[in-house]
Amino acid sequence: MIRHSALALALAAALAAPAAALDETFQTEKVKVRVETVAQGLDHPWGLAFLPDGNFLVTERPGFLRIVTPQGKIGDAAYGVPQVDARGQGGLLDVALDPDFEENRFVYLTYAEKGEGGTNGTAVARGHLTESMSPQLRDVEVIFRQQPKEASTLHFGSRLVFDREGHLFIALGERSKKEFRGQAQELSSHLGKVVRIWPDGTVPEDNPYAGEEGALPEIWSYGHRNQQGAALHPETGALWTNEHGPRGGDEVNIPEPGKNYGWPVVTYGREYSGLAVGSGESSAPGMEDPVHYWVPSIGPSGMAFYTGDAIPEWQGSLFVGGLAIPQLARLTLEGNEVTGDEPMLKELGLRIRDVRQGPDGALYLLTDEEEGQILRITKAE
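Residues numbered from 1 in each chain as written. Predicted model: local features only at pLDDT ≥ 70, side-chain atom pairs only at ≥ 80, totals over all residues. Heavy atoms only, no water.

## Thoughts on the overall build of the protein chain
Of regular secondary structure, the protein chain possesses three helices and 24 strands. The C-alpha radius of gyration computed for the protein chain amounts to 20 Å, which stays within 12% of the reference 21 Å derived for 381 residues, consistent with globular compactness. Taking the principal axes of its C-alpha atoms as reference, the protein chain extends roughly 70 × 50 × 45 Å. Out of the 381 residues belonging to the protein chain, those deemed buried represent 56%. Expressed as a percentage of contacts within the protein chain between residues at least 6 apart in sequence, the contacts between residues at least 24 apart total 57%. As presented, the protein chain carries roughly 16,100 Å² of accessible surface, and 48% of it is formed by carbon and sulfur atoms. In the protein chain, 33 positive and 54 negative side-chain charges are present, and the distance between their average locations comes to 6 Å. (Helix = DSSP H or I, 4+ residues; strand = E, 2+ residues; numbered from the N terminus. Rg over C-alpha atoms; globule rule 2.2 N^0.38 Å. Buried < 20%, exposed > 50% of the residue type's maximum accessible area, 1.4 Å probe, protein only. Contact = heavy atoms within 4.5 Å. Areas by Shrake-Rupley, 256 points an atom, 1.4 Å probe, with all protein chains shown as cover. Lys, Arg positive; Asp, Glu negative; His and termini not counted. Charge placed at Lys NZ, Arg CZ, Asp CG, Glu CD.)

Laid out in structure tokens, this is it:
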């Protein structure tokens, strides 16, 4: 009996122990790479940004914003972060620095914001970040609120991307439930949309529905499901996004102003029950086809184009993190056409939440775990 109890305690301790730091090499189609842990012990990290001083700025879904050093030291949670609704897929989500961060210190956060009667919705706030490992966000203001708020803990979307002219794109979800996901097709709702605003929350005059009666002026494109990845193409400057399908049908899109991307009328996926969605078709007149899709679903999340010199064999590739099938997908491109899809790092079994190219040319990943890590990928010697 004593031996059995000791064994049970040992197993429990092993299960509770933090994940071991990684330092491994992997052979990919093009190149052998090294994957190493920069930091670990983050609570479901969601978004990553690189500060000018070389530190990382990381969000944790329960509602914490932290500075992490390149040596792996995790700082105190920042004061001043808005209160979040961390139920389900909610919480503190993406983070982005203002294009003029070194002058104005503005940081932008997306998060699930509570409403009345159990409702919630995606919101975007910005504040000034103080320079400290025990930082504060000061003068915080909410610059965007997804309308309407709905009673759901799912599909907040939430990626932030600045374009070259200083507009802020926000990739949103349609909140999942059948009773309101059809709002992805309605211009009177922010659900299932890409929106475009200025950094102070005002609406650009050249938005496709600015001034149109009955339409929300922030809308850029519509008919999206749950967009969890977004990046600016390094050559064209166009916004690319990815979104979760239901059972199959994850997509990569290039959202253009005023265009309809089909959900929930058309999709390459099916309901989780196996039944057809919407029309049961994968395309329809007046609705844009994705540039790439996955069946079965990989659960795409963070996304980054690679332009660095650290791994020249990957230049021009688009990287997408996988959650449902834990992996890092490398998409090869010819113009706007996806010509190849290489799943990598499946051996790790780690859900990849965010993907970023660092200032050093390395590729950085966030793992969506209770003991989440920042991983660094470089070319193996």
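## Digging into the side chain of serine 158
Position of serine 158 among the secondary structure elements: in the loop between strand E9 (137-145) and strand E10 (159-162). Looking at serine 158, the relative accessible area reads 0%, which means it is buried. With residues up to four places along the chain from it excluded, the contact list for serine 158 reads Trp46, Leu93, Asp94, Thr110, Tyr111, Thr122, Ala171, Leu172 and Gln227.

## What about the pattern of salt bridges?
A full pass over the atoms with the stated rule returns 22 salt bridges. In this structure, lysine 149 engages glutamate 113 in a salt bridge whose closest nitrogen and oxygen atoms are separated by 2.8 Å. With lysine 149 in the loop between E9 and E10 and glutamate 113 in strand E7 (residues 106-114), the pair connects residues that are 36 residues apart, well separated along the chain. For the pair shown, lysine 149 and glutamate 113 are each scored as buried. For arginine 376, the salt bridge identified is with aspartate 360, shortest N-O distance 3.0 Å. Pair noted here: arginine 376 is in strand E24 (residues 372-379) and aspartate 360 is in the loop between strand E22 (352-357) and strand E23 (363-367), with a separation of 16 residues, a long-range link. Judged by its relative accessible area of 38%, aspartate 360 falls in the partly exposed class. What emerges from the salt-bridge pattern is a single network uniting Asp23, Arg34, Glu36, Asp360 and Arg376. (Salt bridge = Lys/Arg side-chain N within 4 Å of Asp/Glu carboxyl O.)

## A word on the sheet that holds strand E1 (residues 23-27)
Read from one edge to the other, the open sheet built from five strands follows the order E1-E2-E24-E23-E22, with strand pairing classed as antiparallel. With one partner strand each, in any of the chains shown, E1 and E22 form the two edges of the open sheet. With strand direction ignored, the average angle separating the axes of adjacent strands in the sheet is 25°. Of the pairings in the sheet, the one linking E22 to E23 comprises five bridges and is antiparallel in character. By the bridge assignment for E23, isoleucine 352 is matched with threonine 367. (Pairing = 2+ DSSP bridges. Axes fitted to C-alpha atoms, helices over the stretch in contact; angles between N-to-C directions.)

## Description of the pairing of strand E15 (residues 239-244)
Among the six residues that make up E15, six are buried, leaving the element largely enclosed by the rest of the structure. Both faces of E15 are covered, namely the face carrying Leu239, Thr241 and Glu243 and the face carrying Trp240, Asn242 and His244. When strand E14 (residues 226-232) meets E15, the two strands line up antiparallel, connected through six bridges. When the bridges of E15 are listed, asparagine 226 appears paired with histidine 244. In textbook terms, the turn of a hairpin is the stretch between consecutive antiparallel strands, and for E14 and E15 this stretch comprises six residues, one of which, glycine 237, has a positive phi near 75°. Pairing of E15 with strand E16 (residues 250-253), which is carried by three bridges, proceeds in the antiparallel orientation. Counted as the bridge partner of glutamate 243 is glutamate 251 from E16.

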